[in-house]
Amino acid sequence: ERENQHGDYKVAGMVVEVSPQYTVVEVRNAFAVGDELELLPWAGNFTTFPVQVMRSLRGQELVRSRPGTLVKLPVLAGAEARQLLRFKMGSICRS
């Protein structure tokens, strides 16, 4: 798990599949629509993006993810399988 020197980030999930239509993420720690996530590439700087839409593998629209599940996010530019997504502690919705 990659963290900054203060350790104030948590892993949201790991990219498990990338297609032209969506990105499948294995959820490690719950996040919700409206939260900001960061994609950690193998090299270079991370990319920050808001979660605008999230769906189950069956296509059902979700408001919040659950750890241990797979969710579909829109295509994330530069995403590759096994890359991590993280969020800054205190910056996500906990409702």
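Being a predicted model, the structure only gives us computed values, none of them experimental. (Residues numbered from 1 in each chain as written. Predicted model: local features only at pLDDT ≥ 70, side-chain atom pairs only at ≥ 80, totals over all residues. Heavy atoms only, no water.)

Further remarks concern the sheet that holds strand 5 (residues 55-56). With antiparallel pairing, the seven strands of this open sheet are ordered in space as 4-3-7-1-2-6-5. Sheet topology places strand 4 (47-50) and strand 5 at the edges, where each strand pairs with a single neighbour. Taken together, the two bridges between strand 5 and strand 6 (residues 70-73) define a ladder with antiparallel strand orientation. Residue Ser56 lies in a different strand from strand 6, and its bridge partner there is Val71. (Pairing = 2+ DSSP bridges. Helix = DSSP H or I, 4+ residues; strand = E, 2+ residues; numbered from the N terminus.)

The next point concerns the side chain of Ser65. One can find Ser65 in the loop between strand 5 and strand 6. Excluding its chain neighbours within four sequence positions, the residues that come into contact with Ser65 are Val27, Asn29, Ala30, Phe31, Met54 and Val71. (Contact = heavy atoms within 4.5 Å.)

Further remarks concern the nonpolar core. Counting residues in each nonpolar core, the largest one holds 17 residues, and the members touching the most others are Phe31, Leu37, Phe49, Leu73 and Leu85. Listed by contribution, the elements that provide at least two residues to this core are strand 1 (9-18), strand 2 (23-27), strand 3 (36-40), strand 6 and strand 7 (84-88). (Core = buried A, V, L, I, M, F, W, Y, C linked by side-chain atoms within 4.5 Å. Buried < 20%, exposed > 50% of the residue type's maximum accessible area, 1.4 Å probe, protein only.)

Moving on, we get to a nonpolar patch on the surface. On the surface, Val16, Leu57 and Leu70 cluster together to form a nonpolar patch covering roughly 220 Å² of accessible area. Looking at where Leu70 falls in the secondary structure, it is placed in strand 6. (Patch = residues over 30% accessible without salt bridge, like charges linked within 9 Å, V, L, I, M, F, W, Y side chains within 5 Å. Areas by Shrake-Rupley, 256 points an atom, 1.4 Å probe, with all protein chains shown as cover. Salt bridge = Lys/Arg side-chain N within 4 Å of Asp/Glu carboxyl O.)

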